[in-house]
Amino acid sequence: MTDTLPVGSHTVIAQKVSKKLRSRHRADKRFQIYGLLAVALALFFLVSLFGSIFSKAYNIVSQTEIALEIYFDEGLIEVDKIHEGNYGALIKRGLAKILPDVRGRRDKRALRKLISTGAKYELRAQVSSNPDLIGKTLRVWLIASDDVDMWVKGGMGAAGRSNGRLSNKQEIWLNTFSNLGLLERRFNWRYFTSGDSREPELAGILGATVGSILTLSICLVLAFPIGVMSAIYMEEFAPKNRITDFIEVNINNLAAVPSIVFGLLGLAVLLNFMEMPRSAPLVGGIVLALMTFPTVIIAGRAALQAVPPSIREAALAVGASQQQVVMHHVLPLAMPGILTGVIVGMARALGETAPLLMIGMVAFIVDIPTGPTEPATALPVQVFLWADAPERAFGERAAAAIVVLLTFLIVMNLGAVLLRRHFEQRF
């Protein structure tokens, strides 16, 4: 006999199925809403972070300067002893011409603090490049102190409010300079053409940028050929046994080792045992190369595995040797993936700070390095130093250095995409 459903059962079943479908659809909608909320929350924090960074970095484009009528007195500057001239006295006289009513040692000292301590070195550089200035009077724009710069950028002068670092007299003097057209915000070329400094208004990123370029160059020279050759051997030539399995497991484990461990390795072996120069891009490049090796090897092996076996079989069928198969057929097809892995590893190395701190690249370096063995610092270390500085003006310089670092990372990742498209072959 055939079982038959009671009358109306089809309607009941259809209602239950429809109810379950509606419940599933509501669950799908809730899941989509949760996903959108998560993405929106992540974007909110990302925009807030970058907004905070860029809002601070924007101020670094300009720097406050004060114009003074400087008389390059022959009695204070001798032609044959330009570097020994009393340029501080020239600045004091220039200030006295504009504000002759300032009396008293304390007030004069407060007035002098409106000008950066590095202004006298800029005057010396001008006279050194043009000795004919001696004996002449010239309007010179001199860099203001960091307190004045923060006061001007904060717009506190117009509102009559203090930033807590300037006295009422100093603010009155600055307003006098502004009314006379002697106080302006000008393009801050010093930030891009000078090295680090104890004074925020004189600090720049050129030294850190050059140090990062030298360090990454050494890292690339070491990590790219050695990492690619290791990947080729492990994937194409190495026998499958316990030794190669052990090596493969350790390579995968090294990729997850904290970067500071590589810094400790560089400190113990490269500096203490091999006595290589401290704070040098050479040591930093070697340490970062050791950290990048696992990433390059894993990416290289994955790219080699992605090449179809038919390519190898076809090459072997026409009489090619194993080496010819790899070098002439497999490697060119895997090169886009290998280059992507190398650039991603380099991008990670660019942002590393801990291993560089361990090998001494946290030192205060003023001069621009000209070689891999000279003392230098790097962009992430420079950000670390400036972010920890007590002066507020260093905060916007750290933010601007972060923007420069992000620009480097974006360019490197864009280069990885372009190289992949250029070398990619369809098969």
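Structural data are supplied above this passage.
Model, not experiment: these values are computed from the prediction. (Residues numbered from 1 in each chain as written. Predicted model: local features only at pLDDT ≥ 70, side-chain atom pairs only at ≥ 80, totals over all residues. Heavy atoms only, no water.)

Caption draft 1: Looking closely at the overall build of the protein chain. If you tally the helices and strands in the protein chain, you get 17 helices and 3 strands. For 427 residues, the compact-globule estimate of 2.2 N^0.38 gives 22 Å, and the protein chain exceeds it by more than 25% at 32 Å. Along the first, second and third principal axes, the C-alpha set of the protein chain runs to 120 × 75 × 40 Å. The burial tally for the protein chain puts 43% of its 427 residues in the buried class. Nonlocal contacts in the protein chain, meaning residues at least 24 apart in sequence, comprise 76% of its contacts between residues at least 6 apart. The centroid of the 43 positive side-chain charges in the protein chain is displaced by 10 Å from the centroid of its 34 negative side-chain charges. (Helix = DSSP H or I, 4+ residues; strand = E, 2+ residues; numbered from the N terminus. Rg over C-alpha atoms; globule rule 2.2 N^0.38 Å. Buried < 20%, exposed > 50% of the residue type's maximum accessible area, 1.4 Å probe, protein only. Contact = heavy atoms within 4.5 Å. Lys, Arg positive; Asp, Glu negative; His and termini not counted. Charge placed at Lys NZ, Arg CZ, Asp CG, Glu CD.)

Caption draft 2: Just helix α10 (residues 242–254), in detail. The end-to-end C-alpha distance of α10, which contains 13 residues, comes to 18 Å, matching closely the 18 Å that a straight helix rising 1.5 Å per residue would cover. Its side-chain oxygen at 3.1 Å from the backbone nitrogen of I243, N241 defines the N-terminal cap of α10. (Expected span 1.5 Å × (residues − 1). Polar contact = N/O pair within 3.5 Å; in protein donor to acceptor, adjacent residues only side chain to side chain.)

Caption draft 3: Representation of the packing of aromatic side chains. Inspection of every chain in the model, using the stated rule, returns 6 aromatic pairs. Judged by centre distance (6.1 Å) and plane angle (10°), the ring pair of F187 and F192 falls under stacked. Accessibility expressed as a relative area gives 51% for F187, which makes it exposed. Exposure remark for F192: the relative accessible area of 38% places this residue in the partly exposed category. Arranged with centres 6.1 Å apart and planes meeting at 40°, the rings of Y191 and W386 form a pair that is tilted. Taken together, the residues span a long stretch of sequence, with Y191 in helix α8 (residues 190–193) and W386 in helix α16 (residues 379–387) at a distance of 195 residues. Owing to a relative accessible area of 0%, Y191 belongs among the buried residues under this scheme. (Phe/Tyr/Trp six-rings, centres within 6.5 Å; stacked < 30°, edge-to-face > 60°.)

Caption draft 4: Spotlight on the environment of T377. Along the polypeptide, T377 turns up in the loop between α15 (354–358) and α16. Expressed as a C-alpha distance, the spacing of T377 and K136, which sit 241 residues apart in the sequence, is 41 Å. Sequence-distant contacts of T377, defined by excluding residues within four places in its chain, comprise G207, A208, G211, S212, M361, I365 and Q382. Within the structure, the side chain of T377 is placed 3.1 Å from the backbone oxygen of M361, a separation counted as a polar contact.

Caption draft 5: Focus on the nonpolar core. Ranked by internal contacts, the top residues of the largest apolar core, which has 62 residues, are Y191, V283, I338, L356, I359 and W386. Among the elements of the structure, α1 (9–57), α9 (206–237), α11 (259–273), α12 (281–305), α14 (322–350), α16 and α17 (393–423) are those that each provide at least two residues to this core. Top contributing element to this core by residue count: α14, with 15 residues. Residues within four places of I359 in sequence aside, it is in contact with G263, G266, L267, L271, R278, S279, V283, G284 and V287. Within the second largest apolar cluster, 37 residues are counted, among which are I91, L95, V127 and L174. (Core = buried A, V, L, I, M, F, W, Y, C linked by side-chain atoms within 4.5 Å.)

Caption draft 6: Region of interest: the packing of α12 against α14. As a packed pair, α12 and α14 sit with axes 8 Å apart at the nearest point and diverge in direction by 150°. With respect to α14, the axis of α12 lies roughly antiparallel. Crossing handedness for the pair α12 and α14: right-handed. Residue-level contacts link L288, M291, T292, T295, V296, A299, G300, A303 and L304 of α12 to V330, A334, G337, I338, G341, V342, G345, M346, R348 and A349 of α14. (Axes fitted to C-alpha atoms, helices over the stretch in contact; angles between N-to-C directions. Parallel < 35°, antiparallel > 145°, perpendicular 65-115°, else oblique. Left-handed = near helix turned anticlockwise from the far one by under 90°.)

Caption draft 7: Region of the structure containing the pairing of strand β1 (residues 62–71). Most of β1 is tucked away, with 8 of its 10 residues classed as buried. Judged from the 5 bridges that link them, β1 and strand β3 (residues 183–187) form a sheet pairing that is antiparallel. Looking across to β3, one finds that I66 is bridged to L183. Examined bridge by bridge, β1 and strand β2 (residues 137–143) share 7 bridges and lie antiparallel to one another. Bridge pairing in β2 places A67 opposite W141. (Pairing = 2+ DSSP bridges.)

Caption draft 8: Looking closely at the sheet that holds β2. With antiparallel pairing, 3 strands are arranged side by side in an open sheet as β2-β1-β3. Where the open sheet ends on each side, the last strands, each with one partner, are β2 and β3. Taken pair by pair, the neighbouring strands of this sheet meet at an average axis angle of 45°, ignoring direction. Strand contacts of helix α5 (residues 146–153): β1 and β3, with the helix running at about 120° to β1, the strand carrying the most contacts.

Caption draft 9: Highlighting a nonpolar patch on the surface. On the surface, Y58, V61, F187, W189 and F192 cluster together to form a nonpolar patch covering roughly 570 Å² of accessible area. Note on V61: relative accessible area 38%, which makes it partly exposed. (Patch = residues over 30% accessible without salt bridge, like charges linked within 9 Å, V, L, I, M, F, W, Y side chains within 5 Å. Areas by Shrake-Rupley, 256 points an atom, 1.4 Å probe, with all protein chains shown as cover. Salt bridge = Lys/Arg side-chain N within 4 Å of Asp/Glu carboxyl O.)

Caption draft 10: Just the environment of D147, in detail. Among the structural elements, D147 can be located in helix α5. Look at D147 and you get buried, because its relative accessible area is 17%. D147 sits 31 residues away from S116 along the chain, and the two C-alpha atoms are 9.5 Å apart.

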